[in-house]
Amino acid sequence: MMIYLSKDYINLSISHAIDYFSSVIWNTKYDEIGDFEICVPIIDNEMIQEISINDLVWLSDDFRDVRIITSIKYQYSIENGYYIILSGYSFAYVLSNRVVWAQTNFNTNATNIIYDLVSSNCISSTNSSRNLTNLIINTDFQKGEIIQAQYQGEVISDVIKDLAQQYNFGYRIFYINKKFTFELYEGVNNNLTFSSALGNLLDYTIDIDGNNYKNSALILGEGEGISRVNVEVSSTSDYERKELYVNASELSQNKDSEIHVIDVEKYRNILSQNGKSYLENYKTDFKFECSVYPQMYKFREDYNVGDKVQVITDYVYNGSNTIQGIITGVVESWSDKGYECMPTIKF
């Protein structure tokens, strides 16, 4: 496997190609920003000195999946000598460097909200210094019911993550036809089964974490005292009810001036959507982490992040030892131990 580096955000002209390394960890995620770590012994001092923060890196396995170096660490030990450790994130990381600049109101589906926010804050902003060179949007994918929402000041990647997890789709930025292309997408149901009996499941951990679980929210908007607008979002009662408070006073009933005012019903719908998005961060986490035998089913060829798969285990959950879930992440690693592939499946 080769590792390629570039400083060119247009043509990706290669500045260095590395065919030696101690280890590579390449974490691909479905509805979040992926990350990586590359550990390289220092052989060519001149080359190492030319590597800098914000350089681009990708693997020969998938030239579309370009990532950004955000950290460089130099390390020395008597046993192992000199090393450089490069780490960073998938290209969607650039969306964490932009916020919703102006108050923006929506009455549309989740995917259109995302497309509009990325376009107006990263591509066609009236402040040209905010626009990201060579970034385009593929708007083919559509999903979600019509919702009313309002944003200002939120980090773009946080909004995307919340909506993607609420409506079960993924996002990424791939380098396609010499353009960094932002797209939303869904995986497929490819009818793959992972099982120790089939010989493709090496080990696994099932983690059911409800420590932070909340299912009911009181959202408070504009106003003072008893006149403050409030909305309840809840799905249960009695001992099962777990509440939290959301201060949404930054959400305004004014569209762009005191003259253009959002009516109370629409404003309450905006607060309700804000509460639902907030509760997405407080779900019970059902997570299945495993190591798989990579020769039977190959990542990117037979399955990908976002795909629906089946896992058969010795653990019985809800009366069955068969788990249906979505692959939300895959950690690949290369080292002197060889290649390992570790999917995370949420169900």
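See the structure printed just above.
Residues numbered from 1 in each chain as written. Predicted model: local features only at pLDDT ≥ 70, side-chain atom pairs only at ≥ 80, totals over all residues. Heavy atoms only, no water.

What about the overall build of the chain?
For the record, the criterion: For the purposes of this entry, the term helix denotes a DSSP run of H or I that reaches at least four residues, the term strand denotes a run of E that reaches at least two, and both are numbered from the N terminus. Partly exposed describes any residue whose relative accessible area lies between the buried limit of under 20% and the exposed limit of over 50%, with all areas from a 1.4 Å probe on protein chains only and scaled to the type maximum. In what follows, a contact means two residues having at least one pair of non-hydrogen atoms within 4.5 Å.
In terms of regular secondary structure, the chain is built from 4 helices and 21 strands. For the chain, the C-alpha atoms occupy an extent of roughly 70 × 55 × 40 Å along the three principal directions. A burial count over the chain gives 44% of its 347 residues as buried. Counted over contacts in the chain with a minimum sequence separation of 6, partners at least 24 positions apart contribute 65%.

Looking at the pattern of salt bridges
Quick reminder of the rule: In the sections that follow, a salt bridge refers to a side-chain nitrogen of Lys or Arg positioned within 4 Å of a carboxyl oxygen of Asp or Glu.
Applying the stated criterion across every chain yields a total of 14 salt bridges. Across the pair aspartate 62 and arginine 64 runs a salt bridge, and its minimum N-O distance is 3.1 Å. Note on aspartate 62: relative accessible area 11%, which makes it buried. Connected via shared salt-bridge partners are Asp62, Arg64, Arg300 and Glu332.

Here's the deal with the environment of threonine 284
With respect to the helices and strands, threonine 284 occurs in the loop between helix H4 (264-279) and strand S18 (285-292). For threonine 284, a relative accessible area of 25% translates into the label partly exposed. Taking the C-alpha atoms as reference points, threonine 284 and asparagine 215, separated by 69 residues in sequence, lie 9.6 Å from one another. When near neighbours in sequence (up to four residues on either side) are disregarded, threonine 284 contacts Ile208, Asp209, Gly210 and Tyr213.

Some points on the sheet that holds strand S16 (residues 230-234)
Hydrogen bonds between backbone atoms are what pair the strands of a sheet, whose relative direction is either parallel or antiparallel. Keep this limit in mind: Think of it this way: DSSP has to see at least two bridges between two strands before they count as a pair. Angles run from 0 to 180 degrees between N-to-C directions of axes, and those axes are lines fitted to C-alpha atoms, restricted for helices to the stretch in contact.
The strand order across the open sheet formed by 3 strands is S16-S15-S17, and the pairing between neighbours is mixed. The two strands at the open ends of the sheet, each matched to only one other strand, are S16 and strand S17 (243-247). Strand-to-strand, the axes of this sheet are offset by a mean angle of 20 degrees, without reference to chain direction. Running at roughly 40 degrees to S16, H4 makes contact with strand S15 (216-220), S16 and S17 of the sheet.

Notes on the sheet that holds strand S12 (residues 179-185)
The strand order S9-S12-S11 describes an open sheet built from 3 strands, whose pairing is mixed. In this open sheet, the two strands that pair with only one neighbour each are strand S9 (135-138) and strand S11 (170-176). Pairs of neighbouring strands in the sheet enclose a mean axial angle of 25 degrees, with direction left out of account. The pairing of S11 with S12 spans 7 bridges and is antiparallel. What sits directly across from isoleucine 173, in S12, is phenylalanine 182. Strands in contact with helix H2 (residues 110-123) are S9 and S12; relative to S9, the strand with the most contacts, it is inclined by about 165 degrees.

Notes on the pairing of strand S10 (residues 147-151)
Burial analysis of S10 places 5 of its 5 residues in the buried class, the great majority of the element. Residues of S10 alternate between two faces, with Ile147, Ala149 and Tyr151 on one and Gln148 and Gln150 on the opposite face, all of them buried. Note that strand S8 (residues 104-108) and S10 share 5 bridges and pair antiparallel. Residue pairing for S10: asparagine 107 is matched across the bridge by glutamine 148.

Overview of the side chain of serine 277
Of note, serine 277 is situated in helix H4. The residues touching serine 277, leaving out its near neighbours within four places in the chain, are Asp162, Leu163 and Gln166.

Some remarks on the packing of aromatic side chains
Convention followed: Two rings from Phe, Tyr or Trp (for Trp, the six-membered ring) form a pair when their centres sit within 6.5 Å of each other. Planes less than 30 degrees apart are called stacked, planes more than 60 degrees apart edge-to-face, and all others tilted. In this scheme, the term charge over a ring applies when either NZ of a lysine or CZ of an arginine sits within 6 Å of the ring centre and within 35 degrees of the ring normal.
A complete count under the given rule lists 18 aromatic pairs for this structure. Ring geometry for tyrosine 30 and tyrosine 185: centres 5.4 Å apart, planes at 80 degrees, overall edge-to-face. On the criterion of sequence distance, the pair formed by tyrosine 30 in the loop between strand S3 (23-29) and strand S4 (35-41) and tyrosine 185 in strand S12 is long-range, its members being 155 residues apart. Per residue, the accessibility class of tyrosine 30 equals that of tyrosine 185, and both read buried. A cation sits over an aromatic face here: arginine 172 above tyrosine 185, 3.8 Å from the ring centre.

Examining the side chain of serine 333
Along the polypeptide, serine 333 turns up in strand S20 (residues 320-335). Residue classification places serine 333 among the buried positions, given a relative accessible area of 11%. In this structure serine 333 touches Val24, Ile25, Gly338, Tyr339, Glu340 and Met342, once residues within four positions along its chain are discounted.

A look at the nonpolar core
For clarity, the threshold we go by: Buried Ala, Val, Leu, Ile, Met, Phe, Trp, Tyr and Cys residues that are joined via side-chain atoms within 4.5 Å together make up what is termed a nonpolar core.
Of all hydrophobic cores here, the largest spans 56 residues; its most connected members are Phe182 and Tyr303. It is H2 that provides the largest number of residues to this core, a total of 7 residues. Setting aside anything within four residues of it in sequence, one finds phenylalanine 182 in contact with Leu95, Ile114, Tyr115, Val118, Leu135, Ile136, Ile137, Asn138, Ile160, Tyr171, Arg172 and Ile173.

Topic: the environment of phenylalanine 299
Turning to its location among the elements, phenylalanine 299 is positioned in the loop between S18 and strand S19 (308-317). We classify phenylalanine 299 as buried; its relative accessible area is 8%. Here the alpha-carbon distance between phenylalanine 299 and valine 330, two residues 31 residues apart in the chain, equals 8.3 Å. Those residues in contact with phenylalanine 299 that sit more than four places away from it in its chain are Thr28, Asn304, Val305, Val330, Glu332, Tyr339 and Cys341.

Take it as geometry only, folks, not as evidence of what the structure does.
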